[in-house]
Each structure stands twice: as C-alpha cells, then as structure tokens.
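Spelled out from the first residue to the last, the chains are:
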Amino acid sequence: MTTSRRTFIGGVSAAAVLSGTGAFAQKKYDNGATDAEIKLGHAGPYSGPASAYGVIGKTIEAYWKSVNDAGGINGRKVNFITLDDGYNPAKTVEVVRQLVEQDKVLCLFNTLGTPSNTAIQKYMNQKKVPQLYVATGASKWGKPKEFPWTMGYQPDYNTEGQIYARHLLANVKDPKIAILMQNDDFGKDYVEGFKKGLGDNVSKIVKLATYEVTDPTVESQIIQLKDTGANAFLNIATPKFAAQAIRKIADIGWKPAHYMTNVSASIAAVLKPAGYENSQGIITAYYLMDPNDKQFVDLPEVKTWSAWMDKYLPQGNKGDANYVYGYTVSYLMHETLKRCGDTLTHENVMKQAASFQKFRVPMLLPGITVSTSPTDFYPIQSVQLARFKDEGWALFGDVMSAEST
Amino acid sequence: MPAFPKKWLLVIIALAVVIPLLKPVLPDLVSDYRLFLVSTMMIAAIAVLGLNLLTGFNGQISLGHSAFYAVGAYTAAILMDKLDVPYYATLPVAAVVCFIVGYLFGLPALKLEGHYLALATFALALAVPQILKYKWLEDLTGGVQGIVLSKPEPPFGIPLSEDQWLYYYIFVVMVILYWAANNMLNSRSGRAMMAIRDYHIAADTMGIDTSLYKTVTFGISAAYTGIAGALSASAIAFVAPDSFNFFLSIKFLIGLVVGGVGSLTGSIIGGIFYVLVDNSAQALSTFVKNDLGLPFDLSAYTVFGILLIVLMYLMPMGIVGGVYILIRRLQRAGRGAPAAASRPAEAGKGH
C-alpha cells in the first residue's frame, strides 16, 4: 500500500510538472476536446417520477456557464450537453449513445440514477469513454478492475448504513430496532449496510416495514413499527416520507432513538415541515454543508456559493440540498479537467480523476476531502454524524470513514 | 383505407436491406447510432402494431400494453441470463408467455367495455413494475437492479457490426410479423374481429363467437407487444422495472393514434413518430432556449404536447388517414375543372 501510494504521489507531481510546462508539451485530444472546447455529456430526469432531481442537471449547467463566463478551462469553453431520460434506463441507453457516438463527448459526467447507470456501464466500458462521478449512492460504482471507466462520487448508502449500526450498538441499551424502508435499490443498499454493521446483532431488528414511492403516506407503517415496542428507529425514506414519519412518531407519542438517512437531512424540505419540536434528537450523517445551517452561514465558501446561486440560479431554492450537491460535483469535475492540461484524452481524464489526494471541495463539511487512487474509485468516503438540536444540525464526534468498501 | 401499393412496398424493403450496408461508404450518415435508432423505431412499430390489432381492429382499448412489453422483455432477459438461451430462441417463448397472459387477462376483460376496460388495463400497467420488484421474484428478476445482458453478436463471423446485425434481425422479425398480421386481417378471422369492433350485437347474431375472438385477439395483441419487448431486451441489453412505467403505454397509444387507428402502415409510422418526435422535441426545446435565445424554458414534453395537438388538429385520422385524404384531394383537383365548376351549382340547389 505504501509503495503504491508513493509511486502515486510521484505520478501526481510528474503530472503537475507536465501541466506547468503545458505550453511546450504536445497537445493531445480524443473525441470531445479541441483547442476551443471540451464537450461533456449528461443524462438526467427532467421529466418522469424522479424529476425532482432535475435541478442537479440545471445546477451543473449553470456551473459550466459560470466557468465559461470566467474564460473557460485552460482557454477552452465547456460545452455541456444534457439530455432528458425521464429516469427510464432504456431511454438512458438511447441518449447516452447519442452523446457518445453522435455528439462525441469527452466523457459522461454525473449521469443520474442507479438503474440508468447500470444500463450504460457495460457500454461505456466497451467504448472506453469515462463515466465519471455518477449521481447515485449505490455501492457498486467503485470497481476499477471490472469497470475501469466508471467512478462514483458521494459516500455510498452501504457505508452510511454501517456507520448508523455501529453508533446504535454503542449508544442504545438493549436495542430493539424498527426500520422503515423505501422499497427500491436505495432502501435495500442501506438495510444491507446496516445489517453488515450490526454483525451478530442482526436479530435486534424486530420489524422492517416497507413502502412504495407511489404511496401517499407511511402513517400505517409507523403505527405497525411502534406496536412492536421498538426503542430504535431507522428512517430510510426520501424527503416527503421522512417528514411524514417524523410527524407521525411525535403524534402517537413514540420516543425511539431516531436515525435518519442523509438523503432526507434537508432542514427546509424535511425537518421544518415535520416541525422542529418533533425533530429534536434525530441523528443523521452528513457530508455536504447545509447552507441554511447557522453555524456555516458566515463561512467564505458558503457566501461564495450563495452569491453564485443569486447570479446563476436566481429561482433556485437555497434550502434544496441538490443545488449544493450539483455545485460540489461540478467543482470536482472542473478540477479534474484543469489537471488534464492539454492532454484531453479519455485515458488522461480517468487518470486524473483517480489521482486526488485529500483534495478539498468547497461546500463539503469541514474535514471531508476527496481521495482517489487507481484502486480506490470512491471519491468521498467520509461522513460526520449530527444530532438535530433547536433549529439545526449539531455535528458531533469525528469525521468517520468506511473501513472497507 | 386502401392497402399500401405492393410496388412501393418492395422498393422500401429493398432500401431497408441495402442502406445499412453503405456504412463503410457513408460512415457519418449511416452510423451505428442511427441504425440503433431505426432498430428502436422498428421495435416500437411492432409494439404499436400489437396494440393496433386490439384497439384498431377489434375495438378494445388498452392502457396496459407496457405490461405485456415488460413481460416479454423479462421473459427474454431471464431466459438469456439464467438459462443461457440464445437471443433468437427467446422470441417464441416470449410470444407464448405473453399470449397466455393476454388471453387470461382478456377473460375478465370480456365483462368490461370501453372506459372500464381502459381502467382495468391501466391497473395492469401500474401493477407489473411493482410485481417485478416483489421479493419472491427477486432472484429471477433482479428486483430494482434489473438484469444486465449482452448484445447479440453476428453469427458465423459475418463482417457486420453489432448494430447492423441487430438491425437486420429486428427487420426480419418485423417483416414476418407484419406479413402474418396482414394475412390474418384479410382472412375470415380478421373480418370477424372487425365486425365485432363495428357492431358487436350484429356480429354476435351472425354466429361469430365474440368472446372467443375477443380473448384470442387480446392474446395475439399481447404476444406481438411481448415480442417487441423481448427484442428491446436484446437491443438495450438491460431490463429494469423503471423501463416499463405506465408512460410507455401512453406512448404506444400516441403512436397508434398518430399513425392511424386500424391501419398496418399507420403502426409503422406511429412507431417511427414516437421515437423521432420524442428525440427531436428535446432538440427543439434546447434550440428554442439556446440558439434562438427566447426566454422560454420549454420542457421537451411541452414541445411534444404542442406538436401532438397541432398534428391531431390537422390530421384527425392520424398521419396515414391525413395523407390519404390529401392524395384524394389532389387527385380530384387533378381531374380538372369540371368537378370544381359543378360545385357552386350544387351549392345553389341547396338554397
């Protein structure tokens, strides 16, 4: 491990030297890059059941506009082509083939959705075009041996689930655990990780209730879970349902140790509608800064982000974490392309993406950095636990990383 | 509506066979991507044809054909994934499975007419993606993760690309299915199907076993759409419940109505339309925003909707019906002045 890390740092410094002498180095281009522009491809759900995530695409689009307004990357403008796949994997295959074969993009960036990315993964690796920083928390995107052209971005659900389990076992006496789970890959990944974290204590789970995204409410599930007499509750739900669960739990006077996934940690979208008084003591894991959180509001990077929002996305709701997410992932892509210098080939993009050493991306929590290597395709692997207090998240403990993924 | 002239049909088939071979000569025009796009159009055309047999020729409305499409796709995918069945052998199995599912669904549907049937099929379209995720079936269907497949490769070392091969494979299947549908519709059974659509009671009185015909038509229609689904599993090389949401049914219905209800040619045009317009609507909406610089952020579906309304206004009988009426009108105009001259006289008589 040490040797590989050392050779790795050598590689990075060599790359730095090379980019420093970029003016003399020969320019090398693959499809999607010229002296004047860099083409990036993206597919996301602007219509259909997951269209709430469409704002991520809009954020990224705005980000590249701001980069281009500032002169582009090493003198090249970014041409960001984003297409609607309606969260339908069959459609994703179609639009991605258009991006790769007709538009000839340099790489795909932050394509959204686990099924959609699964549908194109094999194709992208056959074509040897990078599929970078995909927007899904599934744990299967960091397999450089099988899929050297695919890389994830955010901490995966599996890891987060493990972290909750460990905290729960250490802090809740004689736990009886009830779980509410959205019945899809997102929910299952969490439960899998959580069970892994419990280890021999899996039998402490007394009930697992599921719901479908199309359900109107989860109230009956919450009542069922309370009736088991559980004293700990894991809330694996998307924002609307997470808020319903918090409210219902308070209404029926249940007081479990409440763990809620990061997906629903937004104050504006979940905790405020659920009621601050009902949300006290909930524990979640964080990796993005919440710009509405009072402890961060005055940080320079938050102010920069806020000014950027005002200029490029004036209609955007600053309470929607997706805007922060889109900003951070674009920042990382921006840095990756900068580091590529004049060697804008598929291979070099992938190489640079796999060469980050504790790189700090603004709007990630203090202490959380991006690290990758040719064998580590998980850019962000750390989270910090936070407890809801008064009207905001109070971070506690250390930044925690997954031990094995 | 008249049948498509045979001479033209042969020309089109010849073109369809030759054009993909021009890929080495015209690599930009005949690219792998375009061939793939045409393949998806043909798959859509087969699915729309299936729906047309039921709705256009037999008068039963279905909003549930995405369900049969999904069953076909999953049948093919599971056979390829679990049992290593070659891709071409999955088609007959998918057809039989979907026929049975369609036939069984057709039985209770006998009691439902018009809007009620539409609602029942709607429920089917909503239920199937959920059933595919069900935990008892998960080992088979892969649950929400779906099943990743391999694309069919050209056999015997034929020097074709995967997409060229896929194109020919789907083209041959489509031609066979159209030929079969055409023969069926021009037979006694086909006339019985249409008689039921036109006047149910009269058909019954004439001695047609209406319930048998209706359920069998349901089965055949489902089988056609199921084959389209199986082909799509090969073409996309991936199946997941999210690919078969209710909106797919609506797309088939749009293809059907736009192409022409009760017309075989219309089904093909409908299939082409729905792939083409779906894609160009997006291009058009970006064009309006970025290139024209208009301050409208039209979503692709807004453009799609506007196009659809315009089209329905101009061609209420679908594209085939519209073109047919246009040709008739042109022919009448071509026949000369006397016809036109006689009209004012007729109008005069009315007063």
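Residues numbered from 1 in each chain as written. Chains lettered and ligands numbered in written order. Predicted model: local features only at pLDDT ≥ 70, side-chain atom pairs only at ≥ 80, totals over all residues.

**Q** Quick question: what am I supposed to make of the overall build of chain B here?
**A** Scanning chain B from N- to C-terminus turns up 15 helices and two strands. For 351 residues, the compact-globule formula gives about 20 Å, and the C-alpha radius of gyration of chain B, at 22 Å, lands near that figure. Taken along the three principal axes of its C-alpha coordinates, chain B extends 75 × 55 × 50 Å. Across the 351 residues in chain B, those meeting the buried criterion constitute 44%. Within chain B, residue pairs in contact and separated by at least 24 positions form 76% of the contacts whose partners lie at least 6 positions apart. (Helix = DSSP H or I, 4+ residues; strand = E, 2+ residues; numbered from the N terminus. Rg over C-alpha atoms; globule rule 2.2 N^0.38 Å. Buried ≥ 20, exposed ≤ 12 C-beta atoms within 10 Å, placed from the backbone. Contact = placed C-beta atoms within 7 Å.)

**Q** Help me understand the overall build of chain A, please; the structure alone is not making it clear to me.
**A** Of regular secondary structure, chain A possesses 13 helices and 13 strands. For a compact globule of 405 residues, the expected C-alpha radius of gyration is about 22 Å, and chain A comes in at 22 Å, within 12% of that figure. Of all intrachain contacts in chain A linking residues separated by at least 6 positions in sequence, the fraction that spans at least 24 positions is 71%.

**Q** Sorry, what's going on with the interface of chain A and chain B here?
**A** When the parts come together, some accessible area is lost, and that loss is often what is quoted as the size of the interface. In this assembly, 22 residues from chain A lie in contact with 23 residues from chain B. No other element matches helix α3 (residues 89–102) of chain A, which puts eight residues into the side of chain A that touches chain B.

**Q** Just checking my understanding: could you explain the confidence of the model for chain B for this structure?
**A** Caution applies to low-pLDDT regions: their predicted coordinates should not be interpreted in detail. All names here are of chain B. With 92% of its residues at a pLDDT of at least 70, chain B reaches an overall mean of 84. Within the model, the stretch residues 339–351 combines pLDDT values under 50 with one contact to residues more than four positions away or in other chains. Across the interfaces of the predicted complex, the ipTM metric reaches 0.79, alongside a pTM of 0.81. (pLDDT = per-residue confidence, 0-100.)

**Q** For this particular structure, what's the right way to read the pairing of strand β9 (residues 257–260) of chain A?
**A** Two faces, one strand: in a regular strand the side chains alternate between the faces of the sheet. Residue and element names in this part refer to chain A. Judged from the four bridges that link them, strand β8 (residues 232–236) and β9 form a sheet pairing that is parallel. Residue pairing across strands places leucine 234 opposite tyrosine 259, the latter belonging to β9. The β-α-β motif built from β8, the intervening helix α8 (residues 239–251) and the parallel element β9 has right-handed crossover chirality. (Pairing = 2+ DSSP bridges. Right-handed = clockwise from strand over helix to strand, strands pointing away.)

**Q** Is there a simple way to think about the environment of leucine 51 of chain B in this case?
**A** All names here are of chain B. Relative to the assigned elements, leucine 51 resides in helix α2 (residues 32–55). Judged by the 29 C-beta atoms lying within 10 Å of it, leucine 51 is buried. Along the chain, leucine 51 and serine 267 lie 216 residues apart, while their C-alpha atoms are 8.8 Å from each other. In this view, leucine 51 contacts Ser62, His65, Ser221, Thr225, Phe252, Leu253 and Leu256; residues no more than four positions away in its chain are not counted.

**Q** What's the story with the sheet that holds strand β5 (residues 131–132) of chain A in this structure? I'm lost.
**A** To summarise the sheet geometry, strands pair through backbone hydrogen bonds and adopt either a parallel or an antiparallel arrangement. Residues and elements named next belong to chain A. Taken in spatial order, the four strands line up as β3-β2-β4-β5 in an open sheet, and their pairing is parallel. Only two strands of the sheet have a single neighbouring strand rather than two, namely β3 (77–84) and β5. Judged from the eight bridges that link them, strand β2 (residues 37–44) and β3 form a sheet pairing that is parallel. Considered in β3, the bridge of leucine 40 is made with phenylalanine 80.

**Q** Help me understand the packing of α2 of chain B against helix α11 (residues 246–259) of chain B in this model?
**A** Think of two packed helices as two axes; the pair is described by the angle between the axes and how far apart they sit. Residues and elements named next belong to chain B. Interhelical geometry of α2 versus α11 gives an angle of 75° and a closest axis separation of 9 Å. Considering the angle they form, α2 stands roughly perpendicular to α11. Where α2 approaches α11, its residues Ala44, Ala47, Val48, Leu51, Asn52 and Thr55 are matched on the opposing element by Phe252, Leu253, Gly255, Leu256 and Gly259. (Axes fitted to C-alpha atoms, helices over the stretch in contact; angles between N-to-C directions. Parallel < 35°, antiparallel > 145°, perpendicular 65-115°, else oblique.)

**Q** Even after reading the chapter, I still don't get helix α10 (residues 210–236) of chain B, so can you show me in this structure?
**A** Note on helix geometry: an α-helix contains 3.6 residues per turn, so any two residues three or four positions apart are oriented the same way. Residues and elements named next belong to chain B. For α10, built from 27 residues, the straight-helix expectation of 39 Å at 1.5 Å per residue is met to within 8% by its first-to-last C-alpha distance of 38 Å. Counting buried positions along α10 yields 22 of 27 residues, so the element is predominantly enclosed. With its phi angle positive at about 60°, alanine 237 sits one or two positions after the end of α10. (Expected span 1.5 Å × (residues − 1).)

**Q** Quick question: what am I supposed to make of the domain arrangement of chain A here?
**A** Residues and elements named next belong to chain A. On domain assignment, one finds that chain A holds domain 1 (26–155 + 298–374) and domain 2 (157–286 + 385–401). The straight-line distance from the C-alpha centre of domain 1 to that of domain 2 is 30 Å. Between domain 1 and domain 2, the contact holds 12 residues from the first and 14 residues from the second. Among the residues forming the side of domain 1 that touches domain 2, the class breakdown is six nonpolar, five polar and one charged. (Domains from an automatic or database assignment. Nonpolar A, V, L, I, M, F, W, Y, C, P; charged D, E, K, R; others polar.)

**Q** Explain the nonpolar core here, please?
**A** Nonpolar side chains tend toward joint burial in soluble globular proteins. Within the largest apolar cluster, 214 residues are counted, with the highest numbers of intra-cluster contacts made by Ala45, Ile46, Cys98 and Ile227 of chain B. In terms of residue count, α2 of chain B provides more of this core than any other element does, 16 residues in total. When residues of this core are sorted by domain, at least three fall in each of domain 1 (26–155 + 298–374) and domain 2 (157–286 + 385–401) of chain A. (Core = buried A, V, L, I, M, F, W, Y, C linked by C-beta atoms within 7 Å.)

**Q** Help me out: how do you make sense of α11 of chain B in this one?
**A** All names here are of chain B. Between its first and last C-alpha atoms α11 spans 20 Å; for 14 residues at 1.5 Å apiece the expected length is 20 Å, and the two agree. By the criterion of burial, α11 is predominantly enclosed, with 10 of the 14 residues buried. The set of residues buried in α11 consists of Leu248, Ser249, Lys251, Phe252, Leu253, Gly255, Leu256, Val257, Val258 and Gly259. Backbone geometry just downstream of α11 places glycine 260 in the positive-phi region, at approximately 145°.

**Q** Looking at this structure, how should I read the packing of α2 of chain B against α10 of chain B?
**A** Residues and elements named next belong to chain B. It is at 7 Å that the axes of α2 and α10 come closest, and there the two elements cross at 170°. Taken together, the axis directions place α2 and α10 in an arrangement best described as roughly antiparallel. Residues Ser39, Thr40, Ile43, Ile46, Ala47, Leu49, Gly50, Leu51, Leu53 and Leu54 of α2 lie in contact with α10, whose contacting residues are Thr217, Phe218, Ile220, Ser221, Tyr224, Thr225, Ile227, Ala228, Leu231, Ser232 and Ala235. Considering only residue class, the contact of α2 with α10 consists of 14 nonpolar, seven polar and no charged.

**Q** Looking at this structure, how should I read the environment of glycine 262 of chain B?
**A** Residue and element names in this part refer to chain B. Tracing the chain through its elements places glycine 262 in the loop between α11 and α12 (264–291). For the pair glycine 262 and threonine 55, spaced 207 residues apart in sequence, the C-alpha to C-alpha distance is 7.7 Å. Sequence-distant contacts of glycine 262, defined by excluding residues within four places in its chain, comprise Asn52, Gly56 and Phe57.

**Q** In this structure, what is going on with the pairing of strand β6 (residues 177–182) of chain A? I would like to understand it.
**A** All names here are of chain A. In terms of residue burial, β6 counts as a mostly covered element, since six of its six residues are buried. Note that the unit made of β6, helix α6 (residues 185–198) and strand β7 (residues 205–211) has a crossover that is right-handed. Bridge analysis of β6 against β8 gives five bridges, and the strand direction is parallel. Paired with isoleucine 179 across the bridge in β8 is leucine 234.

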